[in-house]
Amino acid sequence: MNGYAGKFLEVDLTKGTCSSFTIAEARLKKFIGGSSLAAALYLEKYNLHTDPLAPENPLMVMNGPMVGSGFPGTSRFAVTAKSPQTGIWGEAACGGNFGPELKRAGFDGIIITGQSKSPVILSVINGEAKISAAGNLWGKDIYEVTDICKAEDKGIKVLAIGPAGENLVKFAAIGNDKAHFIGRTGLGAVMGSKKLKAILVRGNQPPGKANEEKYKEIFKAAIAEIKDSAFAESLHLMGSDAAMDLGMMTGDVPIKNWTLGEDFELSSKLSGPTMRETYLTKAHACANCPVACKRVCAVKDGPYKTEEGPGPEYETCCTFGTMIMNYDLAAVIKANELCNRYGMDTISAGATIAMAMELYEKGIIDKKKADNLELTWGNMDTVFALLKKIAFREGFGSTLAEGSLKAATQLGAKAMDSAVHVKGLELPMHDPRGFHGMGLAYMMSNRGACHLQHAAMGMEQGMVSWPQLFEMKEDYDGKTSQGKAMLVFNSENYGILDNSLSICHYLLYCLKPETIRDAFNAITGFNFEFKDFLISGARDWTLKRGINNLLGVSAKDDVLPKKILTPLQEGAGAGSIPDMKLLRDEYYAIRGLTANGIVSEEKLLELGLPELRNKLYKK
Amino acid sequence: MTGYKGFTQEWMDAWKEKIAGSKEYKEIAKDWEGSVSITVNADPSKNVPEPVYMFTDYWHGDVRDFFICDAAKAQEAKFIMTGDYARWKQVAKKELDATKALMQGKLKLRGDLTYIVRNVKTINKVIDLLTEVNTIFPDEG
Ligand code: SF4
């Protein structure tokens with residue numbers, strides 16, 4: 001089967017067994033791959049109602065058919081499980097080199113269940129899988145583990161957890177070769193619960209392509225489009241943090257735990273151009289990506305001295321910068337490195353600390369509660385101390401290790417308004433008061449507040465124009481809720497595909513949809529049209545929503561936090577809040593959800609999801 | 001209110017006057033250094049038979065040269081922006097944000113993009129002031 005390796009690896013860590021299975025082409029065509037196929041397997045084969053940290057919860061590492069093809073941006077792979085942070089469907093995607101190497105090692109995915117008695121690593125080398133003792137790797141941070149594993153074989157690709165994953169921090173991340181992170185929804189804790197310290201892959205069997213000649217032609221066109229794209233150029237020059245300056249102007253950037261609307265000194269000190277002029281040592285790329293948006297930074301001296309390593313993304317410049325009133329980019333770089341080493345999602349970690357700082361300012365927690373730390377705004381010594389305490393679950397750090405929602409619940413009713421999350425996942429760093437569509441996208445994303453399971457940001461902020469896919473405006477007014485339900489619906493159906501095709505979100509913005517479609521067809525031989533893509537996207541969204549419905553999600557959970565429903569006093573988003581009811585009512589109607597937010601029977605049948613219909617409607 | 005024929009010297013003078021008279025611009029643009037040329041691609045169907053080249057120059061909150069030029073002069077600018085007439089018209093009418101047009105590939109930029117990103121407030125202010133000029137567009141006059 002072209003594009004695919006043709007096999008999935010199944011690992012049971014309780015029994016210590018590895019086996020493989022195949023999936024019929026018709027099913028692959030229906031769910032494509034990545035997190036979409038993972039959701040279909042999860043629904044079919046596993047008990048949804050287990051505890052996320054129980055051995056039965058499957059951790060899936062899944063490729064899509066474009067991974068390993070060499071096409072720009074197709075290094076992505078998805079990791080999924082029931083999330084320990086949210087208790088619902090969890091997934092995160094990552095670039096780097098692991099996905100293509102897994103494909104070359106002979107597998108489209110790895111599904112891991114069970115729990116080892118003692119720490120182990122899993123090696124997958126050219127079709128052979130082996131479980132072995134982790135030895136002294138347990139307890140080491142992600143950079144150390146990666147270096148040790150690569151010392152023996154430089155070319156091996158590593159997925160590893162750090163102390164946060166071992167200690168079941170609810171927002172623990174999984175690191176990929178030190179430079180890329182599976183950050184959101186706490187999947188590092190699932191890996192830790194299984195006592196799996198690392199997964200190593202190595203292979204030399206490249207996947208085939210259905211039409212090599214056609215592919216070459218499309219590849220050339222893609223490179224030309226990237227060269228011509230200002231979006232790609234800005235990513236290459238400034239990384240994702242290129243968004244900071246413009247975002248401050250348009251009301252996108254959250255400040256002081258979502259309480260302020262504007263601070264140009266912050267954006268100027270923390271922006272992509274500033275990083276380029278100060279701490280950037282080079283740009284770095286995922287496999288086969290000419291965009292090379294990744295930052296490599298070093299802080300050569302001063303209190304925040306940091307060895308050369310992966311630099312912060314825009315989100316991290318917010319969570320450890322604007323959100324906590326830290327004006328020092330060097331300190332953001334240090335915080336980023338600590339999160340990387342401990343293995344923690346920088347969004348959840350920074351946002352949870354921002355919440356704690358606000359609670360401290362309000363007197364809801366005091367110094368004693370905070371283990372004698374001064375939780376004042378911008379106090380980076382406190383931030384670094386807290387990150388360690390969180391990773392090792394020491395004292396107050398153990399409370400914060402639960403994430404904003406659960407930590408606030410522990411800290412009392414007065415703390416709840418400071419937790420800024422949807423379905424237990426902290427909001428990414430884009431303020432829905434400036435962009436109401438983003439608010440709806442947060443409300444409806446299946447993993448909780450998310451900026452990547454859709455293309456709402458690109459569409460609403462005018463970074464892309466795809467009239468060939470669906471009706472859309474060239475220039476949307478961010479501060480209106482009217483018409484945004486359709487924008488979000490379309491943006492999900494197309495944007496969510498990056499998780500099943502496994503193509504980088506940014507490449508969706510840099511490349512024409514025609515080019516992506518044609519590359520996909522040339523690789524797989526599937527002959528998809530735009531409408532097939534959009535149906536696949538709708539199926540993906542609906543499948544995950546149905547799983548969440550089975551896990552108890554309904555209309556009561558599709559809400560924005562109080563902070564976002566409180567108008568700002570200054571900045572481009574001042575005075576504006578999303579009209580939650582209008583957005584939700586319109587969206588439910590378009591998406592085929594009942595008034596209570598359950599996927600309707602008709603919609604499930606229309607999208608070819610009869611098994612889900614049977615489970616949801618007990619047929 | 002007087003109307004100015006778009007993309008002419010008179011129109012540029014009116015635009016320059018708006019910028020020079022704006023205290024807000026002076027403050028926002030205090031760090032800006034350098035020239036921007038604007039090329040409007042020909043569109044005979046819209047009464048733009050030839051490309052129009054404009055040279056504009058700004059220095060720490062002041063406005064310097066502001067004139068219709070030839071293709072060679074346009075190439076000398078620190079930043080060179082090019083686009084179809086219909087796109088520039090949308091920008092001048094505030095129907096399309098210039099930054100968005102750039103990202104969507106509807107306008108092209110040659111020059112240091114990091115400088116533009118850092119100074120996006122200045123760009124937006126200059127365009128905001130343009131929208132205050134009462135313009136008679138070539139295909140409307
Ligand atoms: S654009 Fe950036 S994140 Fe995406 S594949 Fe390229 S280097 Fe990786």
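Everything below is about the structure shown above.
Right, let's walk through the structure included here.

**With respect to the overall build of chain A**
1) Next: Of the regular secondary structure elements, chain A holds 27 helices and 17 strands.
2) Next: Relative to the globule expectation of 25 Å for 619 residues, the C-alpha radius of gyration of chain A, 22 Å, shows essentially globular dimensions.
3) Next: In terms of overall dimensions, chain A has a C-alpha envelope of 60 × 55 × 50 Å along the principal axes.
4) Next: For chain A, with 619 residues in total, the buried portion stands at 67%.

**Observations regarding the overall build of chain B**
1) Next: For chain B, the helix and strand inventory stands at 7 helices and 7 strands.
2) Next: Ordering the α and β elements of chain B from the N terminus gives β-α-α-β-β-β-α-β-α-α-β-α-α-β.
3) Next: Over its C-alpha trace chain B gives a radius of gyration of 14 Å, about what one expects of a compact globule, namely 14 Å for 141 residues.
4) Next: Taking the principal axes of the C-alpha coordinates as reference, chain B spans close to 40 × 35 × 30 Å.
5) Next: A separation of at least 24 residues holds for 68% of the contacts in chain B among residues at least 6 apart in sequence.
6) Next: A total accessible area of about 6700 Å² is found for chain B, and carbon and sulfur atoms account for 49% of it.
7) Next: Across chain B, the mean location of the 21 positive side-chain charges is 5 Å away from that of the 22 negative side-chain charges.

**Structural notes on unusual backbone geometry**
Excluding glycine, residues mostly carry a negative phi; peptide bonds, for their part, are mostly trans.
1) Next: Located in the positive-phi region is A:Asn126, a residue other than glycine, with phi close to 45°.
2) Next: The residue A:Asn126 is located in the loop between strand E7 (120–125) and strand E8 (128–133) in this model.
3) Next: Even without glycine at this site, B:Phe7 takes up a positive phi of about 65°.
4) Next: Tracing the sequence through the fold places B:Phe7 in the loop between strand E1 (4–5) and helix H1 (9–20).
5) Next: Residue class for B:Phe7 comes out buried when judged on its relative accessible area of 9%.

**Re the site of the ligand**
Residue and element names in this part refer to chain A.
1) Next: Around the ligand sit Gly 73, Ala 285, Cys 286, Cys 289, Val 291, Ala 292, Cys 293, Lys 294, Cys 504, Tyr 506 and Leu 507, and those are all the residues in its vicinity.
2) Next: Its residues assigned to classes, the shell around the ligand shows 9 nonpolar, 1 polar and 1 charged.
3) Next: Each of domain 2 (237–404) and domain 3 (436–616) accounts for three or more of the residues forming the shell around the ligand.

**Details of the sheet that holds strand E2 (residues 17–21) of chain A**
Residue and element names in this part refer to chain A.
1) Next: Read across the open sheet, the 6 strands follow the order E2-E1-E6-E3-E4-E5; overall the sheet is mixed. Bordering the open sheet on either side are E2 and strand E5 (89–94), each of which pairs with just one other strand. Each strand of the sheet is rotated relative to its neighbour by a mean of 15°, with strand direction disregarded.
2) Next: Sheet topology places strand E3 (residues 59–62) next to strand E6 (residues 109–113); 4 bridges connect them, and they run antiparallel. Among the inter-strand pairings, Val 61 is bridged to a residue of E6, identified as Ile 110.
3) Next: Across the sheet, helix H2 (residues 34–45) is in contact with strand E1 (8–12), E2, E3, strand E4 (77–82), E5 and E6; its angle to E3 comes to roughly 145°.

**Observations regarding the interface of chain A and chain B**
1) Next: Taken together, the 27 residues of chain A in the interface contact 20 residues of chain B.
2) Next: For the chain A and chain B pair, buried surface summed over both sides reaches about 1900 Å², with 55% attributable to carbon and sulfur atoms.
3) Next: Run the count over chain A and chain B and you get 3 salt bridges.
4) Next: The closest approach of N and O atoms between B:Lys100 and A:Asp475, which form a salt bridge, is 2.6 Å.

**Points about helix H9 (residues 243–250) of chain A**
In an α-helix there are 3.6 residues to a turn, and that puts residues three or four apart on one side.
1) Next: Counting buried positions over the 8 residues of H9(A) gives 6, a clear majority of the element.
2) Next: Every buried residue of H9(A) is listed here: A:Met244, A:Asp245, A:Leu246, A:Gly247, A:Met248 and A:Met249.
3) Next: Check the buried side of H9(A) and you find it contacts helix H10 (264–270), helix H11 (272–278) and helix H12 (314–319) of chain A together with helix H5 (98–103), helix H6 (113–118) and helix H7 (120–131) of chain B.
4) Next: Looking one or two residues beyond H9(A), the residue adopting positive phi is A:Gly251, at roughly 85°.

**Some thoughts on the packing of H1(B) against H7(B)**
Residue and element names in this part refer to chain B.
1) Next: For the pair H1 and H7, interaxial distance at closest approach is 9 Å and the crossing angle is 120°. What the angle tells us is that H1 and H7 run oblique. Relative to H7, the crossing made by H1 is right-handed. For the pair H1 and H7, the contacting residues are Trp 11, Trp 15, Lys 18 and Ile 19 in the first and Val 126, Leu 129 and Leu 130 in the second.

Parameters and conventions
- Residues numbered from 1 in each chain as written.
- Chains lettered and ligands numbered in written order.
- Predicted model: local features only at pLDDT ≥ 70, side-chain atom pairs only at ≥ 80, totals over all residues.
- Heavy atoms only, no water.
- Helix = DSSP H or I, 4+ residues; strand = E, 2+ residues; numbered from the N terminus.
- Rg over C-alpha atoms; globule rule 2.2 N^0.38 Å.
- Buried < 20%, exposed > 50% of the residue type's maximum accessible area, 1.4 Å probe, protein only.
- Contact = heavy atoms within 4.5 Å.
- Areas by Shrake-Rupley, 256 points an atom, 1.4 Å probe, with all protein chains shown as cover.
- Lys, Arg positive; Asp, Glu negative; His and termini not counted.
- Charge placed at Lys NZ, Arg CZ, Asp CG, Glu CD.
- Near = heavy atom within 4 Å.
- Nonpolar A, V, L, I, M, F, W, Y, C, P; charged D, E, K, R; others polar.
- Domains from an automatic or database assignment.
- Pairing = 2+ DSSP bridges.
- Axes fitted to C-alpha atoms, helices over the stretch in contact; angles between N-to-C directions.
- Buried area = accessible area lost by both parts, 1.4 Å probe.
- Salt bridge = Lys/Arg side-chain N within 4 Å of Asp/Glu carboxyl O.
- Parallel < 35°, antiparallel > 145°, perpendicular 65-115°, else oblique.
- Left-handed = near helix turned anticlockwise from the far one by under 90°.

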